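# Notes for the structure review
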Amino acid sequence: MDKVFAIGDIHGSYELLERLLQYWNQEEEQLVFLGDYIDRGPDSVKVLQKVIQLSKDFDAITLSGNHEQLFLNWLEKPEEISEFYFNPKVGGAATIQSFYSEPSFNQILDSYSIDEITETIQENNVEIIQFLKHLRRFYHWDPFLFVHAGIDAKVENFRDTKKDDFYWVREEFYSTPHLAREIVVFGHTPTILINEDKSSKVWISPCSKKIGIDGGGAIYERGRLHGVVFAKDSNEIKIHSVGVNEEPTIETIELS
């Protein structure tokens, strides 16, 4: 397809995802997800089920975020990682609860051991676990490179980036121009933390080679979930944005 519709970090916000998908033209636009489908928000499992279905029906491109990596690591080493993963800032408790019918995470912990929880999740959600294990690190759609967090700014070939940097890198990437020729579209770091005006708008670097589209979703007050349309042989990007208790917006920006 000659267009891409890229969606930033969702974090269990199923309602926002459904609202944003209304603006996706499935006949013309390749759907690309930048990862972080889970944690913090209330509907991680519903988000994963939706994304899996879209990957089956429309060949949606699905990247892994650091939160998918955290979840898989937790399944492997629950005793070591649970304290960190269940921290409210990480938000793993919300994901675990989305796998259960119990009304609260504390009730799950009262009813089952950590090992029982991890075993049950893996036994009852084989498709989801396999999907998470086979997510992509990047999607190259020349001249754009879609990643979750970023790349090593010091390498000329983005493929020389260390695996973990695709999921975890922050300031080392976005605070300095990168040597690779691609325009890097990334999530991971909420634009509220990068934009000078602290807004959740899509962030474009001074060098115009980095585009941050994690608008914070439902996690931040006045956060937004962005769906950004990129077109072949065009310097314009179209940004569809939805937010909790906010009217949807559409904005067109010309890249320099």
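Everything discussed here concerns the structure shown above.
In this report, the structure presented in the accompanying data block is examined. (Residues numbered from 1 in each chain as written. Predicted model: local features only at pLDDT ≥ 70, side-chain atom pairs only at ≥ 80, totals over all residues. Heavy atoms only, no water.)

### Focus: the packing of aromatic side chains
Filter applied, for reference: Between the rings of Phe, Tyr and Trp (Trp by its six-membered ring), a pair exists once the centres lie within 6.5 Å; its type follows the angle of the planes, with under 30 degrees stacked, over 60 edge-to-face, and the other angles tilted. Secondary structure elements are defined from DSSP: runs of H or I of at least 4 residues count as helices, runs of E of at least 2 residues count as strands, and each element is numbered from the N terminus. For every residue, the accessible area obtained with a 1.4 Å probe (protein chains only) is divided by the maximum for its type, and the residue is called buried under 20%, exposed over 50%, and partly exposed between those limits.
Per the stated rule, a full pass over the model turns up 20 aromatic pairs. An angle of 55 degrees between the planes, with centres 4.8 Å apart, marks the rings of Phe144 and Phe230 as tilted. Linking Phe144 in strand E5 (residues 144–147) with Phe230 in strand E9 (residues 225–231), this pair joins segments that are 86 residues apart in sequence. In terms of burial, Phe144 and Phe230 fall into one category: buried. A ring pair is formed by Tyr174 and Trp203, whose centres lie 6.2 Å apart and whose planes are at 75 degrees; its orientation type is edge-to-face. Taken as a pair, Tyr174 in helix H10 (residues 171–174) and Trp203 in strand E7 (residues 203–204) lie far apart in primary sequence, 29 residues in all. In this pair, the class of Tyr174 matches that of Trp203, namely buried. Ring-pair connections join several aromatic residues into one group, and the members of that group are Phe71, Trp74, Tyr85, Phe86, Phe99 and Phe105.

### Notes on helix H4 (residues 78–85)
What counts, and what does not: Note: the arc covers the axis-to-C-beta directions of the helix. Only heavy atoms enter the contact rule, under which two residues are in contact if any of them lie within 4.5 Å.
Among the residues of H4, Pro78, Ile81, Ser82 and Tyr85 are the ones counted as buried. Seen from one end, H4 has its buried residues packed into an arc of 125 degrees, which puts them on one side. Looking at H4, the residues exposed on the side facing more than 90 degrees away from the buried face are Glu79, Glu80 and Glu83. Where the residues of H4 are buried, they touch helix H3 (66–76), helix H5 (92–98) and helix H7 (114–124).

### Focus: the packing of helix H1 (residues 14–21) against helix H2 (residues 44–58)
Convention followed: Only the stretch in contact is used when a helix axis is fitted, and all axes are lines through C-alpha atoms; the angle between N-to-C directions ranges over 0 to 180 degrees. For classification purposes, angles smaller than 35 degrees are called roughly parallel, those larger than 145 roughly antiparallel, those between 65 and 115 roughly perpendicular, and all remaining angles oblique. Two helices cross in a left-handed way if the nearer one is turned anticlockwise from the farther one by less than a right angle. They cross in a right-handed way if the turn is clockwise. In this count, Pro and Cys sit with the nonpolar residues alongside Ala, Val, Leu, Ile, Met, Phe, Trp and Tyr, while Asp, Glu, Lys and Arg are called charged and the others, Gly among them, polar.
Packing of H1 against H2 brings their axes to within 9 Å, and their N-to-C directions diverge by 30 degrees. Taken together, the axis directions place H1 and H2 in an arrangement best described as roughly parallel. The two elements H1 and H2 meet at a crossing, and its hand is left-handed. Note on element contacts: H2 touches H1 through Lys46, Val47, Lys50 and Leu54, opposite Tyr14, Leu17, Glu18 and Leu21. The class makeup of the residues in the contact of H1 with H2 is five nonpolar, no polar and three charged.

### Some words on H3
Within H3, nine of the 11 residues are buried, which leaves the element mostly enclosed by the surrounding structure. Those residues of H3 not exposed but buried are Asn66, His67, Glu68, Gln69, Leu70, Phe71, Leu72, Trp74 and Leu75. Turning to H3, the residues buried within the fold contact H4, H5, H7, helix H8 (126–133) and helix H9 (163–168).

### With respect to the sheet that holds strand E11 (residues 246–254)
Using the following cut-off: Paired strands, as defined in this entry, are two strands with at least two bridges between them according to DSSP.
If you trace the six strands from one edge of the open sheet to the other, you get E3-E2-E1-E9-E10-E11, paired in mixed fashion. Two strands close off the open sheet at either side, each with one partner strand: strand E3 (61–62) and E11. By the bridge criterion, five bridges tie strand E1 (residues 3–7) to strand E2 (residues 29–33) in an arrangement that is parallel. If you follow Lys3 over to E2, its bridge partner there is Glu29. Where H2 meets the sheet, its contacts fall on E2 and E3, and the angle it forms with E2 comes to roughly 150 degrees.

### Quick look at the pattern of salt bridges
Worth spelling out the cut-off: Here, a salt bridge means any side-chain nitrogen of Lys or Arg that lies within 4 Å of a carboxyl oxygen of Asp or Glu.
Per the counting criterion, the structure on display carries eight salt bridges. Between Asp142 and Arg181 there is a salt bridge whose closest N-O contact spans 2.9 Å. With Asp142 in the loop between strand E4 (138–141) and E5 and Arg181 in the loop between H10 and strand E6 (183–186), this residue pair connects regions lying 39 residues apart in the sequence. In this structure, Arg222 and Glu246 form a salt bridge, with 3.3 Å as the shortest nitrogen-oxygen distance. In this pair, Arg222 is assigned in the loop between strand E8 (210–212) and E9 and Glu246 in strand E11, connecting sequence segments 24 residues apart. Of the residues examined, Arg222 reaches a relative accessible area of 61% and is grouped as exposed.

### Here's the deal with the nonpolar core
Definition in use: Note on terminology: a nonpolar core comprises buried Ala, Val, Leu, Ile, Met, Phe, Trp, Tyr and Cys residues joined through side-chain atoms within 4.5 Å.
Of all hydrophobic cores here, the largest spans 46 residues; its most connected members are Ile7, Phe33, Phe71, Trp74, Tyr85, Ile96 and Ile121. Looking at this core element by element, the count peaks at six residues for H2. Apart from the residues lying within four places of it in its own chain, the contact partners of Trp74 are Ile81, Ser82, Tyr85, Phe86, Ile96, Ile117, Thr118 and Ile121.

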